[in-house]
Each structure stands twice: as C-alpha cells, then as structure tokens.
Amino acid sequence: MVAVVFAVIFATTSTAAQFDNEQRRTYLVGVRDEGTFVRFAVDGTVKAAQKPRALTNLRILSVQLTTEEAAAYRADPDVRYVQEPVTYHPLRQYIRRR
Amino acid sequence: MKDRVDVWQVLMNIPVLWGMKNPADPAHNIDGSGVDIVEIDSGVITSQIDLAGRTINGQNLLTHGPITDPDINSHGTHVAGILSAVSGNKLGVVGGAPGANLTVYGVNKGTGKELDEALIVEAVNDAIAIRKTSGRPMVMNMSFGGTGLTQALADAVKNAIAADIMIFASAGNSGDALCTQPLEYPAGLPGVHAVGGLNNDLTRNKSSQCGAELMGFWTATTTTKAGDVAFADVLTPAGDEVFGSSFSASNADSFTGTVRDVGTGLSASDWDNCSAGCIGLIHGVKGADYTQPSVIPDLMAAAGATGGIFVGASMADYGPIWSQNNPYVFVVNYSSFDAEHLNALVGQTVTLRNGTCDFGGQGGTSNSAPQVAAVAALLWSTAPTLPSSTIGAALDFGARHLGKTPAYTKDPENGWGKVDAQASYNYLHPPARHRAAQH
C-alpha cells in the first residue's frame, strides 16, 4: 500500500505542471479514508509533504483545486468538507523601541 | 551577570520550580526536560544569540524547507525565547522551560504579517504524528488569532487534543473594558487553553480579551533579530553586561564613572557626593516635577557629575525625563528590570554605552500563551506519565483567583486566574503533611 501511495505521489509530481495553477487555490479538505486521498492524488494536486498519516479517521489535507474540482469533491460522499482557509495574525501589539 | 529573570516569571513563581529537583528525574532540576514544546508561528531565527545554543527542530512550511529559513516577522523568535531561551549562558533572557525540546513550524503566508490556516493545519497534523511516535508529553503554543474559523482547524485541534496534546492559544488583543469581545480563534475552540494577559499589578490588560481560561502577563522581554532594539549597555569593570530591556540611551555615545545613589536627584544636596567621575543612580518619583527640562541636567552640571541612570517605576515617573532626551541620563523602566542588578551597581565603576541589542520588550497576548505553555511543560516534566487533563487541572486549581466571583470558580473576565507554577506543582505533588492527612 505504501508503494502504491508513493507511486501515486510520484505521478502527481510529474504531471502537476499540466494543470493550470493560475486557476487553483488552496482548500482544506476533510476526508474519511485513504482511498479518498488516492483519488485526490490521482488528480495531481497533493504534495508529498502533505501526505496523510494514519492518525485518525478524519484527515485534513491542504489541496490546490480549481473551483470546479472543489465543487466536485464537495459532492464526494467520502469528503466531509472542502473549505477555503482563513487568515490569522500574530498577536503582538508592540515591541518597545527607543 | 546571570541570565535575566523576567518579571512575568517571578510573578508566576517559576524560579521556585527551576530551583527544585525534578521528582521524575532527581538528578536534575525542573526545566521542562523530556517534554516537547511545539510552536506554530512565523518561524524562528535559530541563530539568535540566546537560541543558538539549543537544538530547534521543525520546518518552514511555506517553503517546506528547514526551520533555519528567516523569520521575517520575528514574532516567532520572540515566542521561542519566552518558551525556551537558553539558560545559564549569561545572555539576555531565560525561557520558561529552557530544557524542553523545541519544535517550531513556520506558517507565514509570505509577508510575515499573516499566517496561513492551511499550513497551521499541516503543522498540527505533523505534531500529532510526532506525539504518537515519541510518546513524550507535548505542549503546543499558538500565539495567533483571528475571528474566522473553518471546520478544518477545529478538526485538527480536536485530533491533537485526542492525542493528549495540550494546546495553549492567545485570547486576542482586541479586548475592551466591558468584555464585549469574544475570544479569538483558535483560543475559542473547545479544549484549547485560552490565555489572557495581565498587567504587572494583576489587573487584566484591557486590550486582552475576556473569557480566557488562564491569565499570563501582557508583556515580556524576548529574543528578537539581531540589532532590532535600540538599547544601552551597562558594562561592569569585569566586562559583564547588565541587561535591562527598557534602558533608553541618552544622546551621549558612552560614559564611564562610579555609580552613587543620589536619591531623587531633584535637589542640589542629592548631588553632594557625585561629582567628576560619578554616575548618579536617580530614583524616579511619581508626581515629582520633572517638567522643567533643566532641573536634573543643571544640578548634575553644577556638581560636575559625569552622568546618571534614571530609574522609574512607571511611565508617569520616567516619561517626562525620557522625553527631554537628556544628554547625560540613561533611563530605566524599573518595573521590567531586576532591582537587585541596579542596586548592585552602586560603588562600581561602569560604562554606559549606546547600541542595539537582540532583546526587546513585547506586549500582547502572544506573550501570555507561551508563558503558560512553558509552565505546563515544567509541570508535565515532573509527572510525564500523567494525562494532559491532570496537568490542566493543576494549572486551573493552582491559579490565583482574581475575579469578583467566589474562589475556585471560573471568573468571566480572568478565568481561573493568574497562573502560579509553584501552587500548581503542589497540586500535582502534595507536600508530605497533606499526604499524611489523607491517610
């Protein structure tokens, strides 16, 4: 299974350039199983560093998708949600200077 | 000199723990050893002089490169210093848990002013994997906030808590006097230990959100990038640097003299024993008349004094003389400086020198969360087999109640109150007389 995943990731890397990255945005995707992850990977968008780990039943991935792809994944029964990330700010108010 | 113990550390009774043997490792004192601290922030400058002596793991998730990539914001470097700056190197500050294993994830969006939620989630996932592999206790610090939230971050945090990771997050810097502003996220998520900020007089800083579980302190002296803060060095004859974050340099580049106590410095007689070659240690007094720009400089000139160190306890004390940009006087904010160091200068020949330094005073609940996270790491290192919920209970019940609600209740403004490392330690390790009473 590990070999399959790595093979998929390798294929992903080599084909990613074919996608129009201008149209892609980052989405946070909650998926239920590794099979879902493999489908994402086949679509050429999951980075190796973001590969899911066997942690919990729900995995949260950061994925580059087009709007259409995001809509399609939302309809996938194994996908719990597809969301655009929000922004946070470091909570430093000031640093004292002379 | 020794590393500087900061005011927040004293007010939270942290040095008491540093001075005790660790019951889980009696050969060593309590310093957080054996506990992983994960910091999710803008990154860290690993070459910062008070961090360079320690191992820092982690990753810059924007580039998926090493954590040694620059922390262009320097916020994460500040937080890293509060958590775990090197102890015993005679430099700058001491981290709250200097012996803990520090892992930093840089999650900048690129400019350093904003943090990317997708990268935050990735960092949390990575930390969970480390926790599950290592089995070591893990404390996670999130000194950031926002009003938005996705289910993804909520789920990632939930997974981390399920893995028995303690998460501390800043309450937010948008508070007000009437407590109308809710906790920001991720502090507002269930299971996250939200931390608000107190002033040194134990009142809530009004810019800190209400509703936090625990209270740390609003300000801290922290590590920052090289030369980031204008500063005045005080060098002793032995060449030791007396460090004070709030020194304000005078117009003079430097001067050397023997320090004499001149009281308030407001009358000519105060300067009787301070003439050529003397630097007067001037004690600021709230409400004293420093509005006449020439008072102290004229008295100093008449006495022939070489210079002065003006020590104020609050802006009301030192503000007026500071604003004069006095050519002879270096100004110190007493409240954030170790009084022992200043008094020890009397009778010594010192050199005061303008310069820049790698440490600075910082305000905000970004400071409060890592202060409490460091205490959690200290406590957990003394009882590493206990679950995080017990460490959390020790923090809550050891805290000094500050609100108007009855003791041992959670106050809507200040939560369980000011964290007290010693009291929480006693909760985990009851003194012998308490144990005997239980039998």
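Refer to the structure above for everything that follows.
Residues numbered from 1 in each chain as written. Chains lettered and ligands numbered in written order. Predicted model: local features only at pLDDT ≥ 70, side-chain atom pairs only at ≥ 80, totals over all residues. Heavy atoms only, no water.

Q: I keep staring at the overall build of chain B and nothing clicks. Help me out?
A: Within chain B, the regular secondary structure consists of 12 helices and 21 strands. Across the 439 residues that make up chain B, the buried fraction comes to 57%. Long-range pairs, those at least 24 residues apart, make up 72% of the contacts in chain B between residues at least 6 apart in sequence. Accessible area of chain B: about 15600 Å², with a carbon and sulfur share of 53%. (Helix = DSSP H or I, 4+ residues; strand = E, 2+ residues; numbered from the N terminus. Buried < 20%, exposed > 50% of the residue type's maximum accessible area, 1.4 Å probe, protein only. Contact = heavy atoms within 4.5 Å. Areas by Shrake-Rupley, 256 points an atom, 1.4 Å probe, with all protein chains shown as cover.)

Q: Where do I start with the sheet that holds strand β1 (residues 25-31) of chain A in this structure?
A: Across a sheet, strands are paired by hydrogen bonds formed along the backbone, either parallel or antiparallel in direction. All names here are of chain A. The 3 strands lie next to each other as β2-β1-β3, forming an open sheet whose pairing is antiparallel. Each having just a single partner strand, β2 (59-65) and β3 (79-83) make up the two edges of the open sheet. On average, adjacent strands in this sheet sit at an angle of 25 degrees to one another, irrespective of strand direction. Two strands pair when backbone bridges link them, and β1 and β2 are joined in this way by 7 bridges, in the antiparallel orientation. (Pairing = 2+ DSSP bridges. Axes fitted to C-alpha atoms, helices over the stretch in contact; angles between N-to-C directions.)

Q: Would you mind going over the environment of Val-372 of chain B with me for this structure?
A: All names here are of chain B. By secondary structure assignment, the location of Val-372 is in helix α9 (residues 365-382). By relative accessible area, which is 0% here, Val-372 ends up buried. Sequence-wise, Val-372 and Val-419 are 47 residues apart; in three dimensions their C-alpha atoms are separated by 6.9 Å. Beyond its immediate sequence surroundings of up to four residues, Val-372 is in contact with Met-12, Phe-168, Val-195, Leu-214, Met-215, Gly-216, Leu-395 and Val-419.

Q: Explain a nonpolar patch on the surface here, please?
A: Residues and elements named next belong to chain B. Together, Phe-397, Tyr-408 and Tyr-427 give the surface a local cluster of nonpolar side chains, amounting to about 370 Å² of exposed area. Here Tyr-427 shows up in helix α11 (residues 421-428). Judged by relative accessible area, which is 41%, Tyr-427 ranks as partly exposed. (Patch = residues over 30% accessible without salt bridge, like charges linked within 9 Å, V, L, I, M, F, W, Y side chains within 5 Å. Salt bridge = Lys/Arg side-chain N within 4 Å of Asp/Glu carboxyl O.)

Q: Help me out: how do you make sense of the environment of Leu-395 of chain B in this one?
A: Residue and element names in this part refer to chain B. Among the secondary structure elements, Leu-395 is positioned in helix α10 (residues 388-398). Distance in space between the C-alpha atoms of Leu-395 and Leu-214 is 8.1 Å, their sequence separation being 181 residues. Leaving out residues up to four positions away in the same chain, Leu-395 has contacts with Met-166, Phe-168, Leu-214, Val-372, Val-375, Ala-376, Leu-379, Val-419 and Ser-424.

Q: How should I be thinking about the nonpolar core in this particular structure?
A: The tendency in soluble globular proteins is for nonpolar side chains to be buried as a group. If you look at the biggest cluster of nonpolar residues, it comprises 94 residues, and the most contacted ones within it are Ile-40 and Leu-395 of chain B. Residue contributions to this core peak at 10 residues, all from α9 of chain B. (Core = buried A, V, L, I, M, F, W, Y, C linked by side-chain atoms within 4.5 Å.)

Q: Looking at this structure, I do not really get the side chain of Ser-143 of chain B. What am I missing?
A: Here Ser-143 of chain B is to be found in the loop between β8 (138-142) and β9 (144-145). Among the polar contacts listed, one links the side chain of Ser-143 of chain B to the side chain of Asn-141 of chain B, at a separation of 2.9 Å. One polar contact links the side chain of Ser-143 of chain B to the main-chain carbonyl oxygen of Ser-366 of chain B, over a distance of 2.8 Å. With residues up to four places along the chain from it excluded, the contact list for Ser-143 of chain B reads His-89, Pro-90 and Leu-91 of chain A together with Ile-40, Asp-41, His-75, Val-79, Ser-170, Ser-366, Ala-369 and Pro-370 of chain B. (Polar contact = N/O pair within 3.5 Å; in protein donor to acceptor, adjacent residues only side chain to side chain.)

These figures capture arrangement, not role.
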